[in-house]
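So the chains spell out like this:
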Amino acid sequence: MTTFDILFFHFFHHYKTKKSKKANSIATFYVTFLQCSLILLLGVFFAKFFRQMHMDTMSADKAWTLFVLVAIFIYFKNWMQYGGRKRKVLNAKMIRNKKLTYNIWLLWLLPLAILGLTYILFQAA
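Residues numbered from 1 in each chain as written. Predicted model: local features only at pLDDT ≥ 70, side-chain atom pairs only at ≥ 80, totals over all residues. Heavy atoms only, no water.

Caption draft 1: A look at the overall build of the chain. On a plain count of helices and strands, the chain comes out with five helices and zero strands. Mapped from its N terminus to its C terminus, the chain presents α and β elements in the order α-α-α-α-α. The dimensions of the chain, computed from C-alpha atoms along their principal axes, are 50 × 25 × 25 Å. The burial tally for the chain puts 30% of its 125 residues in the buried class. (Helix = DSSP H or I, 4+ residues; strand = E, 2+ residues; numbered from the N terminus. Buried < 20%, exposed > 50% of the residue type's maximum accessible area, 1.4 Å probe, protein only.)

The following block contains the structure:
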């Protein structure tokens, strides 16, 4: 199981008691949001790196279009992965393991911290 699977099930079990019908959607959104923020951070890092190396790889419009397409792909991948049979199999594996005790507010702040770091890197010259 990957780190994203563990985070998905932590969110799924946390929101299952409060919002049982929306728990899967909230957990899928969180994992997608986290993965997209990491992709954005890597994209900004490499864009700044390539600019410092005086390499012309692609325009900013093409890069943003590529990011949007990758984000859509990531959402549908997560939707397919965590919405069907694989989620049930992974859920059975998670039940056997010990209970995770992550703070839900810190987990929500993780993608926001990554976006803040992305913004700082984006503003750097």
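Next comes the rest of the account.
Caption draft 2: Just helix H1 (residues 3-18), in detail. An ideal rise of 1.5 Å per residue puts 22 Å on 16 residues; H1 measures up with 23 Å between its terminal C-alpha atoms. All of the buried residues in H1 are Asp 5, Leu 7, Phe 8, Phe 9, His 10, Phe 11, Phe 12 and Tyr 15. (Expected span 1.5 Å × (residues − 1).)

Caption draft 3: The nonpolar core, seen in detail. Counting 19 residues, the largest nonpolar core has Phe 8, Phe 9, Phe 11, Phe 12, Tyr 15 and Tyr 30 as its most contacted members. Counting residues per element, the ones that place at least two in this core are H1, helix H2 (23-52), helix H4 (85-96) and helix H5 (104-123). Considering each element in turn, this core owes the most residues, seven residues, to H2. (Core = buried A, V, L, I, M, F, W, Y, C linked by side-chain atoms within 4.5 Å.)

Caption draft 4: Main features of the confidence of the model for the chain. Summary statistics for the chain give a mean pLDDT of 86 and a share of 95% for residues scoring 70 or more. Ranking the elements of the chain by mean pLDDT puts H4 last with 74 and H5 first with 93. (pLDDT = per-residue confidence, 0-100.)

Caption draft 5: How the structure looks around a nonpolar patch on the surface. Together, Val 68, Leu 69, Ile 72, Tyr 75, Phe 76, Trp 79 and Met 80 give the surface a local cluster of nonpolar side chains, amounting to about 740 Å² of exposed area. Its location among the elements puts Tyr 75 in helix H3 (residues 60-83). (Patch = residues over 30% accessible without salt bridge, like charges linked within 9 Å, V, L, I, M, F, W, Y side chains within 5 Å. Areas by Shrake-Rupley, 256 points an atom, 1.4 Å probe, with all protein chains shown as cover. Salt bridge = Lys/Arg side-chain N within 4 Å of Asp/Glu carboxyl O.)

Caption draft 6: The arrangement of the layout of surface pockets in detail. Put simply, the largest pocket is a space of about 710 Å³. Lining the largest pocket are 22 residues; nearest its centre among them are Gly 43, Val 44, Ala 47, Met 58 and Ala 63. When residues of the lining of the largest pocket are assigned to their parent elements, the largest contribution, 10 residues, is made by H2. Residues that form the lining of the largest pocket fall into these classes: 16 nonpolar, three polar and three charged. (1 Å grid on protein atoms, 1.4 Å probe; cavity = no way out; pocket = protein on both sides within 12 Å on 5 of 7 lines; lining within 4 Å. Points joined across faces, edges and corners; volume = space filled by probe spheres on them. Nonpolar A, V, L, I, M, F, W, Y, C, P; charged D, E, K, R; others polar.)

Caption draft 7: Spotlight on the packing of H2 against H5. Where H2 meets H5, the closest approach of the two axes is 9 Å, and the angle between their N-to-C directions is 20 degrees. Comparing the axis directions of H2 and H5 gives the class roughly parallel. With respect to the hand of their crossing, H2 and H5 are arranged in left-handed fashion. Together, Ile 26, Phe 29, Tyr 30, Phe 33, Leu 34, Ser 37, Leu 38, Leu 40, Leu 41, Val 44, Phe 45 and Lys 48 of H2 and Leu 107, Trp 108, Leu 110, Pro 111, Leu 112, Ile 114, Leu 115, Leu 117, Thr 118, Leu 121 and Phe 122 of H5 make up the contact between the two elements. A per-class count over the contact of H2 with H5 returns 20 nonpolar, two polar and one charged. (Axes fitted to C-alpha atoms, helices over the stretch in contact; angles between N-to-C directions. Parallel < 35°, antiparallel > 145°, perpendicular 65-115°, else oblique. Left-handed = near helix turned anticlockwise from the far one by under 90°. Contact = heavy atoms within 4.5 Å.)

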